[in-house]
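Single-letter residue listing:
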Amino acid sequence: MLKGTCLCKDISFETSAKPQGPSMCHCGQCRKQSGGVWSSAFVNESDLTISGEVRWFDSSETAKRGSCPRCGSFLFWKAHDEDTISFALGAVDGPTGLTLSKHIFVAEKGDYYDIADDVPQKD
């Protein structure tokens, strides 16, 4: 069982499903919302149990982002037309047991850092 919480612990989530696609997102929206790179993995939405009040924000025509209304932790990303949901790996309590599989939206990455690993990169 993988479990996580926001910073203030008002929101918690858990899944017994094996998370897929562990990635680091470098897009402008993730950088603005998280203050840097956002790391996540995804499961089927039906496999993720969320407790607490998530504030959802339609960040584009294709997706919404979920955060804690109290502490502001950016916890979830959900495409409107998919049955999966991404969750913040940084919010997981304890080790994730996952290995990063890709960097995404690297064409939008900040100019203040380099990607210095051998993990595949996608624009």
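For clarity, every value in this text was computed on a predicted model and none was experimentally measured. (Residues numbered from 1 in each chain as written. Predicted model: local features only at pLDDT ≥ 70, side-chain atom pairs only at ≥ 80, totals over all residues. Heavy atoms only, no water.)

Asker: Please explain the environment of V106 as it appears in this structure.
Answerer: Looking at the element boundaries, V106 is found in the segment after β10 (102-104). Taking the C-alpha atoms as reference points, V106 and C27, separated by 79 residues in sequence, lie 7.0 Å from one another. Among residues more than four places away in sequence, those in contact with V106 are H26, I115, Q121, K122 and D123. (Helix = DSSP H or I, 4+ residues; strand = E, 2+ residues; numbered from the N terminus. Contact = heavy atoms within 4.5 Å.)

Asker: Whenever I open this one, the layout of surface pockets confuses me. Can you help?
Answerer: Sizing a probe to match a water molecule and rolling it over the atoms shows the empty space that remains. If you add up the space inside the largest pocket, you get close to 420 Å³. Counting only elements with at least two residues in the lining of the largest pocket, the list comes to β3 (20-25), α1 (28-34), β4 (38-44), β7 (63-67), β8 (74-79), β9 (84-88) and β10. It is β4 that contributes the most residues to the lining of the largest pocket, four residues altogether. (1 Å grid on protein atoms, 1.4 Å probe; cavity = no way out; pocket = protein on both sides within 12 Å on 5 of 7 lines; lining within 4 Å. Points joined across faces, edges and corners; volume = space filled by probe spheres on them.)

Asker: Before we go on, may I ask you to explain the nonpolar core in this structure?
Answerer: A general feature of soluble globular proteins is that nonpolar side chains tend to end up buried together. Core analysis: the largest hydrophobic core is formed by 23 residues, its most contacted members being I11, F13, C30, L48, L75, F76 and F87. Among the elements of the structure, β4, β8 and β9 are those that each provide at least two residues to this core. (Core = buried A, V, L, I, M, F, W, Y, C linked by side-chain atoms within 4.5 Å. Buried < 20%, exposed > 50% of the residue type's maximum accessible area, 1.4 Å probe, protein only.)

Asker: Even after reading the chapter, I still don't get the pattern of salt bridges, so can you show me in this structure?
Answerer: Note that side chains of opposite charge can pair when their charged atoms are close. Tallying each qualifying case throughout the model produces two salt bridges. Close ionic contact of D10 with R70 constitutes a salt bridge, the shortest N to O distance being 3.1 Å. Residue D10 is located in the loop between β1 (2-5) and β2 (12-15), and its partner R70 is located in the loop between β7 and β8; the two are separated by 60 residues in the primary sequence. For R70, a relative accessible area of 60% translates into the label exposed. A salt bridge links E45 to K78, with the shortest nitrogen-to-oxygen separation between them at 3.7 Å. Placement of E45 in the loop between β4 and β5 (49-51) and of K78 in strand β8 is noted, with a sequence separation of 33 residues between them. Of the residues examined, E45 reaches a relative accessible area of 39% and is grouped as partly exposed. (Salt bridge = Lys/Arg side-chain N within 4 Å of Asp/Glu carboxyl O.)

These figures capture arrangement, not role.
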